[in-house]
Amino acid sequence: MRITQSTIYQNIRQNISRVTEQLKNINEQIGSSKRINKPSDDPLGLTHALNLKGVLSQINQYGTNINHGQSWLQAADSSLQSVQDLITRAKVLANQMSTETYNATDRANAAQEVQNITEQLVQIGNTQVNGRYIFSGDKDRTAAFGLDFTINPAVAGPGNNVAYTGTASSSGPYTGLYSKEYVV
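All of these numbers come straight from a predicted model, not from anything done at the bench.

### Some thoughts on the nonpolar core
Inference 1: Counting six residues, the largest nonpolar core is built from L86, L93, M97, A110, I117 and I124.
Inference 2: Taken together, the elements giving at least two residues each to this core come down to α2 (43-97) and α3 (104-125).
Inference 3: In this view, M97 contacts Y102, D106, R107 and A110; residues no more than four positions away in its chain are not counted.

### Quick word on the side chain of S79
Inference 1: Note on placement: S79 falls in helix α2.
Inference 2: A relative accessible area of 7% places S79 in the buried class.
Inference 3: From its side chain, S79 meets the backbone oxygen of A75 in a polar contact 2.8 Å long.
Inference 4: Within the structure, S79 has its side chain in polar contact with the side chain of T127 (distance 3.2 Å).
Inference 5: In contact with S79, not counting residues within four places along its chain, are I124, T127, I134 and F135.

### A closer look at a nonpolar patch on the surface
Inference 1: A cluster of nonpolar residues, I3, I8, Y9, I12 and I16, forms a patch on the protein surface that exposes about 510 Å² of accessible area.
Inference 2: Considering the arrangement of structural elements, one finds I8 in helix α1 (residues 5-32).

### Notes on unusual backbone geometry
Inference 1: Notably, S33 is not glycine yet its phi reads approximately 60 degrees, a positive angle.
Inference 2: The class of S33 is exposed, set by a relative accessible area of 67%.
Inference 3: With a phi angle near 55 degrees, N130 is a residue other than glycine that sits in the positive phi range.
Inference 4: Along the chain, N130 turns up in the loop between β1 (128-129) and β2 (132-133).
Inference 5: Judged by relative accessible area, N130 falls into the exposed class, the value being 58%.

### Remarks on the environment of D106
Inference 1: Locating D106 in the fold gives a position in helix α3.
Inference 2: The class of D106 is partly exposed, set by a relative accessible area of 28%.
Inference 3: Separated by 10 residues in sequence, D106 and Q96 place their C-alpha atoms 9.9 Å apart.

### Some remarks on the packing of α2 against α3
Inference 1: Remark: α2 packs on α3, axes separated minimally by 10 Å, with the N-to-C direction vectors making an angle of 165 degrees. Viewed along their axes, α2 and α3 adopt a mutual orientation that is roughly antiparallel. α3 is crossed by α2, and the crossing has left-handed handedness. Where α2 approaches α3, its residues S79, S82, V83, L86, R89, A90, L93 and M97 are matched on the opposing element by D106, R107, A110, E113, V114, I117, Q120, L121 and I124.

Parameters at a glance
- Residues numbered from 1 in each chain as written.
- Predicted model: local features only at pLDDT ≥ 70, side-chain atom pairs only at ≥ 80, totals over all residues.
- Heavy atoms only, no water.
- Core = buried A, V, L, I, M, F, W, Y, C linked by side-chain atoms within 4.5 Å.
- Buried < 20%, exposed > 50% of the residue type's maximum accessible area, 1.4 Å probe, protein only.
- Helix = DSSP H or I, 4+ residues; strand = E, 2+ residues; numbered from the N terminus.
- Contact = heavy atoms within 4.5 Å.
- Polar contact = N/O pair within 3.5 Å; in protein donor to acceptor, adjacent residues only side chain to side chain.
- Patch = residues over 30% accessible without salt bridge, like charges linked within 9 Å, V, L, I, M, F, W, Y side chains within 5 Å.
- Areas by Shrake-Rupley, 256 points an atom, 1.4 Å probe, with all protein chains shown as cover.
- Salt bridge = Lys/Arg side-chain N within 4 Å of Asp/Glu carboxyl O.
- Axes fitted to C-alpha atoms, helices over the stretch in contact; angles between N-to-C directions.
- Parallel < 35°, antiparallel > 145°, perpendicular 65-115°, else oblique.
- Left-handed = near helix turned anticlockwise from the far one by under 90°.

Written out as structure tokens, the structure is:
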């Protein structure tokens, strides 16, 4: 079998063209720092790369969710600790004012302090994280609590020294699921 000069030159030209294409691809990989620059470089490798990219995206989302959850829990924990402190103070005031050692002015001052405590509790109940109310349940775009209620003052009769017997009532919107009567 005889090989002609044109066949030899054609093989050399094809080999040079193939090596030139490989060199171009290697230069692209070096320049982009990526092994796959277009789908035709490695279709199977591209599939694996896209799967890995999806997994990395999920992992990043998990991290974001964890950070968001931690900030909600920290805000809730801090808020509930403040609520506990305020309720403890209100109980102390109630116990102090239930004795005969305090006069009407002291009781009025204590009532004002309890009113301030109530306002603070409402503010704490409307704590927000990233623009969402943490104590509003599934309606986290709406404030959970408000001060739009009235408390009718209980007036003691002249025959009642420190104890009051009678009816105290309050009114205002109620958004709970159940009704319940409270005795004061």
